[in-house]
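An overview of the molecular structure
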6 protein chains.
Amino acid sequence: MKILLINPNVTEAVTEVMAAEARHWASPGTEIVPVTARFGASYIETRGEAAIAAHAVLDALAEHAAGHDAAIVSAFGDPGLAAAREVMHIPVVGIAEAAMLTAYTLGKRYAIVTMSARLATWYRECARDHGLDGRLVAIRALTGAIADIANAKEELGHAVVAECLLAVEEDGAEVVIMGGGPLAGLARDARDDIPVPVLDGVSCAVMLAESLVRLGPRAPERGSFAKPASKPFEGLSPALSALLDPDQ
Amino acid sequence: MKILLINPNVTEAVTEVMAAEARHWASPGTEIVPVTARFGASYIETRGEAAIAAHAVLDALAEHAAGHDAAIVSAFGDPGLAAAREVMHIPVVGIAEAAMLTAYTLGKRYAIVTMSARLATWYRECARDHGLDGRLVAIRALTGAIADIANAKEELGHAVVAECLLAVEEDGAEVVIMGGGPLAGLARDARDDIPVPVLDGVSCAVMLAESLVRLGPRAPERGSFAKPASKPFEGLSPALSALLDPDQ
Amino acid sequence: MKILLINPNVTEAVTEVMAAEARHWASPGTEIVPVTARFGASYIETRGEAAIAAHAVLDALAEHAAGHDAAIVSAFGDPGLAAAREVMHIPVVGIAEAAMLTAYTLGKRYAIVTMSARLATWYRECARDHGLDGRLVAIRALTGAIADIANAKEELGHAVVAECLLAVEEDGAEVVIMGGGPLAGLARDARDDIPVPVLDGVSCAVMLAESLVRLGPRAPERGSFAKPASKPFEGLSPALSALLDPDQ
Amino acid sequence: MKILLINPNVTEAVTEVMAAEARHWASPGTEIVPVTARFGASYIETRGEAAIAAHAVLDALAEHAAGHDAAIVSAFGDPGLAAAREVMHIPVVGIAEAAMLTAYTLGKRYAIVTMSARLATWYRECARDHGLDGRLVAIRALTGAIADIANAKEELGHAVVAECLLAVEEDGAEVVIMGGGPLAGLARDARDDIPVPVLDGVSCAVMLAESLVRLGPRAPERGSFAKPASKPFEGLSPALSALLDPDQ
Amino acid sequence: MKILLINPNVTEAVTEVMAAEARHWASPGTEIVPVTARFGASYIETRGEAAIAAHAVLDALAEHAAGHDAAIVSAFGDPGLAAAREVMHIPVVGIAEAAMLTAYTLGKRYAIVTMSARLATWYRECARDHGLDGRLVAIRALTGAIADIANAKEELGHAVVAECLLAVEEDGAEVVIMGGGPLAGLARDARDDIPVPVLDGVSCAVMLAESLVRLGPRAPERGSFAKPASKPFEGLSPALSALLDPDQ
Amino acid sequence: MKILLINPNVTEAVTEVMAAEARHWASPGTEIVPVTARFGASYIETRGEAAIAAHAVLDALAEHAAGHDAAIVSAFGDPGLAAAREVMHIPVVGIAEAAMLTAYTLGKRYAIVTMSARLATWYRECARDHGLDGRLVAIRALTGAIADIANAKEELGHAVVAECLLAVEEDGAEVVIMGGGPLAGLARDARDDIPVPVLDGVSCAVMLAESLVRLGPRAPERGSFAKPASKPFEGLSPALSALLDPDQ
């Protein structure tokens with residue numbers, strides 16, 4: 001099985017962190033193929049950055065998805081996820097969605113801990129957009145700016161774990177998600193430091209992607225995820241034009 | 001990996017149907033161990049039958065779970081699922097929950113099709129209890145009583161598929177779940193007859209159980225799923241007494 | 001009028017506390033007949049204990065309900081209440097439900113105060129299950145384990161009242177419910193210590209049961225509370241088998 | 001026990017219909033004292049008419065409530081109910097509220113059937129205002145204007161019953177409320193014609209008022225139902241001025 | 001354009017404060033015509049006072065609306081607003097509604113700051129009634145009674161601004177509304193003291209009223225805002241009788 | 001006042017239709033400056049097309065917004081609206097948002113009528129995203145593909161009006177919005193053919209933009225709409241890079 005892991009921001013070092021974690025969790029026969037967005041932010045925090053990233057995810061899928069069995073949108077916040085599902089015939093999963101769905105199986109109340117207030121806003125809107133905010137009891141964010149996204153896990157790890165403990169004590173969280181692609185692996189390291197299950201997005205997304213490939217659901221021919229009819233586009237990359245407007 | 005598949009009703013023939021389907025989907029190294037409830041209804045449709053089944057699920061786990069890596073509560077409606085999670089240190093998944101969570105990854109609007117109006121009521125309450133009814137657009141039920149639960153798939157299969165088509169056409173469902181353990185396998189057979197992805201619970205539950213075993217989340221020491229303190233019980237089976245009241 | 005008061009836990013001393021309180025409130029012509037669950041926990045706090053209690057409530061109704069005009073499920077959390085309504089032709093009321101409905105007539109915002117965190121979880125799920133959580137502004141719980149459930153009212157009463165005051169001051173509760181069958185009578189004693197109406201479940205349930213008997217609604221022949229068709233069961237008590245499977 | 005029954009419209013004949021039904025259900029020792037609004041509409045259907053009726057209910061309470069143990073606001077829609085609770089030290093109940101709360105104990109899904117589309121709008125807003133619309137599955141209304149409100153029960157009764165049957169068959173209602181004070185008594189007459197419990201407001205309100213008097217909850221000193229401080233008013237009736245502005 | 005500004009309380013000084021602020025914001029060609037309620041409270045805080053005010057708003061419209069292009073109900077809480085829309089053929093807007101709708105365009109999370117706890121309750125119910133409470137994150141109220149409503153802005157202004165800052169810091173409000181007609185103008189004065197947009201009702205209502213006049217939507221002939229059929233009334237002012245019962 | 005009207009699709013003819021309608025409604029002193037997206041779809045229907053359009057809206061604002069007092073995102077569905085508000089210091093309004101907010105002032109129940117099922121999905125998600133779906137009772141869509149978007153109003157106008165009538169009759173809509181930028185002006189033409197108020201987005205957006213400019217709310221320095229800190233971007237247009245990363 002071959003899974004395309006798309007980093008929707010433009011920082012290669014973050015791509016590598018996430019790909020390494022994905023490989024840790026993948027089944028023996030699963031190959032993880034990482035790719036970094038062609039345009040966009042060095043790391044995504046705001047609605048504007050997420051909007052550009054959604055375009056970049058489609059752009060990357062158009063360029064790279066051929067030959068893969070599934071794709072992972074590897075920014076917590078899942079930019080472009082639903083859009084990607086409309087146009088791809090392989091399963092596409094988001095790391096936020098995957099972590100949230102997994103949290104639903106491990107407790108009734110889950111919390112997300114993340115690195116900045118802007119990320120907290122994005123993640124809350126993401127959970128709501130997925131219809132998975134009903135059991136979200138808190139999003140906790142570190143204060144202060146993120147100095148170096150590529151080393152965020154090392155620099156901010158202790159502070160993130162401390163907030164996870166507060167999520168349990170003060171918010172009554174029964175599962176905690178560490179939100180943010182660059183934190184990939186921290187949940188594993190901190191497993192024994194937090195008294196409830198702790199998840200990150202990459203691990204859950206690998207499981208979910210493999211499961212969906214094995215289930216092999218048919219592509220929809222009806223509804224809002226059926227492949228749209230071809231129509232004219234302008235100004236897109238050749239690959240994205242070809243994907244969206246094959247009749248051109 | 002060894003997964004205990006619990007049929008919460010007392011009909012062995014249904015246990016076998018579900019176990020066979022579970023084996024179809026399980027990974028090569030996964031063993032499915034079926035067990036049938038010691039007491040309860042021949043098939044579960046009502047709140048009363050589900051209440052008794054919840055007790056029977058705990059009873060079966062107490063008797064049989066030792067040596068397993070995970071357990072599946074294999075009645076759509078997930079009787080006793082949250083209770084089981086409180087007292088077991090291995091992952092426990094429900095077939096309704098598993099199908100609903102999977103549906104969330106394949107479309108925005110899902111429907112459930114089932115065999116009777118009483119089942120429809122139970123499934124709706126189950127979806128609501130899981131906080132997964134926000135994207136549930138319809139539950140469609142056949143009319144008439146279920147003559148022979150062990151052969152329900154053969155006898156009612158065509159009618160169920162017909163309702164699935166109506167769920168797509170009239171309710172705008174983008175994913176359809178065939179609800180009811182005894183229908184296990186029908187979704188696979190009817191894959192090409194329905195223009196959107198169609199799921200059943202057993203297949204999704206096998207994927208979910210395997211994923212959770214691989215993720216290996218720690219047991220909670222806090223919150224409403226932490227193992228309860230021992231307290232006196234009366235009138236339970238010896239195994240269940242030992243599980244719930246180890247200090248006795 | 002004869003009302004069966006079912007204690008869903010197995011502790012006779014708690015049954016007596018609740019029966020005494022019920023008799024305090026009953027009309028002159030009303031007889032309260034207490035009965036204690038045949039199996040289950042010494043007191044009910046968790047989902048697992050509540051699941052077993054639901055079965056025990058059905059078991060007790062099957063054994064004892066004949067000749068009564070109504071029944072009260074006398075554990076706050078209402079285990080088995082909806083199931084009981086499916087199979088009984090007399091009104092069945094729960095003490096949590098009764099207190100919540102009464103609270104709706106006395107203020108816009110109500111709180112529940114109870115003895116432990118596990119109870120708080122159960123009560124919250126109970127309120128949600130009844131569709132009566134929209135005006136529930138807080139559930140406050142004492143910390144620490146319950147040492148002696150039969151004397152809980154005496155030992156924990158002061159602490160419960162203190163939390164009630166906090167519910168008014170900090171949560172803005174306009175009505176407070178003291179949740180927990182063993183607290184029966186405390187609301188009456190503390191009436192003047194709390195500056196808003198304070199309720200317990202037993203008193204409200206007696207009023208509700210009497211009212212429903214007087215209203216005399218007909219039994220439903222349609223919908224999810226119509227008496228289910230007979231079907232085979234295994235492993236139940238003779239009385240419960242006879243109730244659920246009269247054709248056997 | 002003495003209960004003031006306030007008809008918020010100005011039609012004496014309707015007052016009499018409702019008072020007769022209230023007396024049918026009242027306990028032997030309960031006296032029903034009817035009073036008709038001093039100003040307002042001949043019957044209330046619209047938001048404007050309900051707004052005026054809310055004032056009229058306060059006006060009537062100020063004039064007549066002395067010496068009563070409880071009061072009933074006897075227009076389905078409960079005009080002025082919450083306002084009345086702020087200023088009265090006796091229990092005040094609404095006939096819509098009472099019927100809805102009772103419906104919550106008899107089924108999971110309830111419907112309201114009424115005489116006109118304008119009433120349906122009002123009742124829907126009333127249910128939502130009470131936080132009791134979560135289990136309301138339909139409001140069905142007759143078409144056409146109401147020719148003679150005082151004889152509505154006789155003239156429209158058959159049509160109302162027919163809609164009740166549709167509420168059961170098409171909407172899946174498990175309880176049906178006949179909404180509209182002038183229909184008082186019809187639910188009793190039609191009890192055997194509808195296959196689920198059928199309620200009206202007056203009967204339920206009598207039960208609820210008697211129950212609250214017996215429970216005797218203390219008056220709130222905190223929150224939004226505590227008696228407001230005195231402040232100047234202009235242009236009100238002497239009795240209402242005296243009630244709202246006792247320092248004057 | 002001529003806009004009738006109705007003060008639903010009976011205090012002329014408050015009418016003048018609000019009219020002055022309305023004139024500040026009105027377009028050059030817009031004339032603001034203030035009118036004070038004929039009966040009711042010196043200022044409105046409770047449900048009872050609001051109920052009477054709703055009647056008074058209809059009364060004032062009936063007396064004064066002729067010749068105006070739009071009307072503003074100028075008490076935050078919008079008493080009688082929906083009722084007024086049923087019977088008037090010109091646009092009627094409420095100052096709470098106008099501020100809330102404007103807040104929806106300036107941030108995702110809004111808060112209301114007001115002068116007393118009773119007002120907070122009323123405003124919360126108003127937001128809910130409008131279906132605009134989904135993005136309302138807090139209502140903050142000053143403690144203590146309002147000594148002099150006509151000078152509330154001067155006396156309480158600093159305290160209100162302090163609460164606005166807390167709404168931003170502690171509640172995460174992205175827009176703050178100063179709730180209460182007598183505060184008209186304070187938002188303008190405090191614009192630079194609060195780090196997010198701050199609104200009051202009168203300014204937003206003037207904009208909304210002018211916009212609706214320019215859009216010129218037709219009067220509804222269907223639905224719950226179509227002009228009701230004439231029916232008999234008793235005890236109303238001649239103007240209101242003539243408005244509601246033109247056939248009389 | 002100068003308002004930038006951004007057409008998020010790439011079809012100039014649609015830009016002209018919308019600009020003409022905007023000019024019809026603008027105040028005498030208001031200048032409408034239309035601009036067409038530099039890249040994207042010929043018309044926007046799907047999530048993928050909307051995702052690309054969100055980027056294109058930011059791109060257009062960066063290029064053209066200087067010197068304007070406000071901007072209108074002129075595709076019903078409001079692509080990129082919240083993102084635009086983060087980075088712009090002038091008011092930005094969406095035509096869907098503007099129409100929905102206006103609908104809230106004219107009736108309790110609104111419907112949207114549009115040209116295709118894919119648009120209906122987008123609009124529903126848009127309403128939900130704005131928190132304005134609570135009063136949305138139906139979205140009705142024409143069947144069949146859109147042959148010529150530039151002439152959609154002429155070709156599909158009669159069919160759209162017919163659906164509006166059904167929205168009133170069958171869905172009980174009290175206000176109808178014609179959704180879709182290319183339909184601009186149709187609501188005006190059909191004003192007398194539909195028995196309730198009918199709106200389109202462009203007219204409402206012009207009113208809203210002018211109102212916000214006149215209100216002149218300050219830019220937020222706190223919360224999720226405060227201007228983000230500068231950070232590195234790659235692959236964007238020079239103008240957009242300069243807007244998002246001014247320190248570069």
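Note that the structure is a prediction, hence the values are computed from the model and not measured.

**Things to note about the overall build of chain A**
Assigned secondary structure in chain A consists of 9 helices and 10 strands. A compact globule built from 248 residues should have a C-alpha radius of gyration of about 18 Å, and chain A, at 17 Å, falls within 12% of that. Along the first, second and third principal axes, the C-alpha set of chain A runs to 55 × 35 × 35 Å. When each of the 248 residues of chain A is scored for burial, the buried share is 65%. By sequence separation, contacts in chain A at least 24 residues apart represent 69% of the contacts at least 6 residues apart.

**Some remarks on the interface of chain C and chain D**
Tallying the contact residues gives 33 residues for chain C and 33 residues for chain D. For the side of chain C that touches chain D, the secondary structure elements donating two or more residues are α4 (95–103) and α8 (201–215) of chain C. Across the side of chain C that touches chain D, the residue classes break down as 15 nonpolar, 9 polar and 9 charged.

**Overview of the relation of the copies chain F and chain A**
Turning chain F through 180° and shifting it by 0.0 Å along the axis lays it on chain A, with an RMSD of 0.0 Å. These values place the two chain copies in the arrangement generated by a two-fold rotation axis. A symmetric contact is evident, with 100% of the interface residues of chain F recurring at the interface of chain A.

**Digging into the sheet that holds strand β4 (residues 70–73) of chain F**
Residue and element names in this part refer to chain F. If you trace the 4 strands from one edge of the open sheet to the other, you get β2-β1-β4-β5, paired in parallel fashion. Either end of the sheet is taken by a strand with one partner, and the two such strands are β2 (31–36) and β5 (92–94). In this sheet, adjacent strand axes meet at a mean angle of 25° when their direction is disregarded. Taken strand by strand, helix α1 (residues 12–25) contacts β1 (2–7) and β2, and its axis lies near 165° from that of β2. The strands touched by helix α2 (residues 47–64) are β1, β2 and β4; relative to β1, the strand with the most contacts, the crossing angle is about 145°.

**Digging into the sheet that holds strand β4 (residues 70–73) of chain C**
Residue and element names in this part refer to chain C. Strand order in the open sheet made by the 4 strands is β2-β1-β4-β5, with parallel pairing throughout. Single-partner strands in this sheet number two, and they are β2 (31–36) and β5 (92–94). Averaged over all adjacent pairs, the angle separating strand axes in this sheet is 25°, with direction ignored. Note: β4 against β5, 3 bridges, orientation parallel. From the neighbouring strand, Val73 faces β5, where its bridge partner is Gly94.

**Points about the pairing of strand β7 (residues 136–141) of chain D**
Residue and element names in this part refer to chain D. Bridge analysis of strand β6 (residues 110–114) against β7 gives 5 bridges, and the strand direction is parallel. Counted as the bridge partner of Val113 is Arg140 from β7. Between β6 and its parallel partner β7, the chain crosses via helix α5 (residues 117–129), and the hand of that crossover is right-handed.

**Some remarks on the domain arrangement of chain A**
Residue and element names in this part refer to chain A. Considered domain by domain, chain A is made up of domain 1 (2–94 + 205–244) and domain 2 (97–200). Domain 1 and domain 2 are separated by 22 Å when their C-alpha centres are compared. Each partner contributes to the interface: domain 1 provides 22 residues, whereas domain 2 provides 18 residues. Listing elements by their share of the side of domain 1 that touches domain 2, those giving two or more residues are α1 (12–25), β5 (92–94) and α8 (201–215). With 5 residues, α1 is the single largest residue contributor to the side of domain 1 that touches domain 2. A class-by-class count of the residues in the side of domain 1 that touches domain 2 yields 12 nonpolar, 7 polar and 3 charged.

**A closer look at the packing of helix α2 (residues 47–64) of chain A against α2(F)**
One can describe the packing of α2(A) onto α2(F) by two numbers: an axis separation of 8 Å at closest approach and a directional angle of 130°. The angle between α2(A) and α2(F) falls in the class oblique. Crossing geometry of α2(A) relative to α2(F) is assigned as left-handed. Residues Gly48(A), Ala51(A), Ile52(A), Ala54(A), His55(A) and Leu58(A) of α2(A) form the contact with α2(F), whose participating residues are Gly48(F), Ala51(F), Ile52(F), Ala54(F), His55(F) and Leu58(F). A per-class count over the contact of α2(A) with α2(F) returns 8 nonpolar, 4 polar and no charged.

**Concerning the environment of Ala37(A)**
All names here are of chain A. Relative to the assigned elements, Ala37 resides in the loop between β2 (31–36) and β3 (40–41). C-beta crowding within 10 Å serves as the criterion here: with 25 such atoms nearby, Ala37 is assigned to the buried category. Along the primary structure Ala37 and Asn9 are separated by 28 residues, whereas in three dimensions their C-alpha atoms are 5.5 Å apart. Among residues more than four places away in sequence, those in contact with Ala37 are Asn7, Pro8, Asn9, Val10, Ala53, Ala56 and Ala60.

**Regarding the arrangement of the chains**
As for chain C relative to chain A, no contact occurs, and the smallest C-alpha gap between them is 10 Å. No interface is formed between chain C and chain F, the nearest pair of C-alpha atoms being 16 Å apart.

**Focus: the interface of chain F and chain A**
Taken residue by residue, the interface counts 33 residues in chain F and 33 residues in chain A. If you tally residues by element for the side of chain F that touches chain A, the top one is α2(F), at 7 residues. Among the residues forming the side of chain F that touches chain A, the class breakdown is 17 nonpolar, 9 polar and 7 charged. Of the strand pairs in this sheet, strand β10 (residues 233–234) of chain A and strand β3 (residues 40–41) of chain F are connected by 2 bridges, and their pairing is antiparallel. The partner of Phe233(A) across the bridge, within β3(F), is Ala41(F).

**Considering unusual backbone geometry**
Positive phi outside glycine occurs at Asp78(E), with the angle close to 55°. Relative to the assigned elements, Asp78(E) resides in the loop between β4 (70–73) and α3 (81–87).

**Considerations on the nonpolar core**
Residues Val176(A), Val176(B), Val176(C), Val176(D), Val176(E) and Val176(F) are the most contacted members of the largest nonpolar core, which totals 622 residues. Those residues in contact with Val176(C) that lie beyond four places of it in its chain are Tyr110(C), Ala111(C), Val113(C), Cys164(C), Ala167(C), Val168(C), Ile194(C), Val196(C) and Val198(C).

**Digging into helix α6 (residues 152–171) of chain D**
Counting along an α-helix, one turn takes 3.6 residues, and residues three or four places apart therefore face a common direction. All names here are of chain D. Its 20 residues place the ends of α6 only 25 Å apart at the C-alpha level, less than the 28 Å of an ideal helix rising 1.5 Å per residue. When the local axis directions of α6 are compared, the greatest deviation, roughly 40°, occurs at His158. All of the buried residues along α6 are Ala152, Lys153, Leu156, Val160, Glu163, Cys164, Ala167 and Val168. Gly172 lies just past α6 and shows a positive phi near 70°.

**As for the environment of Gly131(F)**
Assignment of secondary structure puts Gly131(F) in the loop between α5 (117–130) and β7 (136–141). Distance in space between the C-alpha atoms of Gly131(F) and Ile72(F) is 20 Å, their sequence separation being 59 residues. Ignoring sequence-local partners within four residues, the contact set of Gly131(F) consists of Gly134(E) and Arg135(E).

**Notes on the pairing of strand β8 (residues 175–178) of chain B**
Residues and elements named next belong to chain B. Across the two faces of β8 the burial is the same, with Val175 and Ile177 and Val176 and Met178 all buried. Note: strand β6 (residues 110–114) against β8, 4 bridges, orientation parallel. If you follow Tyr110 over to β8, its bridge partner there is Val175. Where β8 and strand β9 (residues 198–200) come together, 3 bridges link them in parallel fashion.

Cut-offs and rules
- Residues numbered from 1 in each chain as written.
- Chains lettered and ligands numbered in written order.
- Predicted model: local features only at pLDDT ≥ 70, side-chain atom pairs only at ≥ 80, totals over all residues.
- Helix = DSSP H or I, 4+ residues; strand = E, 2+ residues; numbered from the N terminus.
- Rg over C-alpha atoms; globule rule 2.2 N^0.38 Å.
- Buried ≥ 20, exposed ≤ 12 C-beta atoms within 10 Å, placed from the backbone.
- Contact = placed C-beta atoms within 7 Å.
- Nonpolar A, V, L, I, M, F, W, Y, C, P; charged D, E, K, R; others polar.
- Least-squares fit on C-alpha atoms with pLDDT ≥ 70 in both.
- Pairing = 2+ DSSP bridges.
- Axes fitted to C-alpha atoms, helices over the stretch in contact; angles between N-to-C directions.
- Right-handed = clockwise from strand over helix to strand, strands pointing away.
- Domains from an automatic or database assignment.
- Parallel < 35°, antiparallel > 145°, perpendicular 65-115°, else oblique.
- Left-handed = near helix turned anticlockwise from the far one by under 90°.
- Core = buried A, V, L, I, M, F, W, Y, C linked by C-beta atoms within 7 Å.
- Expected span 1.5 Å × (residues − 1).
- Bend = angle between axes of the 7 residues up to and from the residue.

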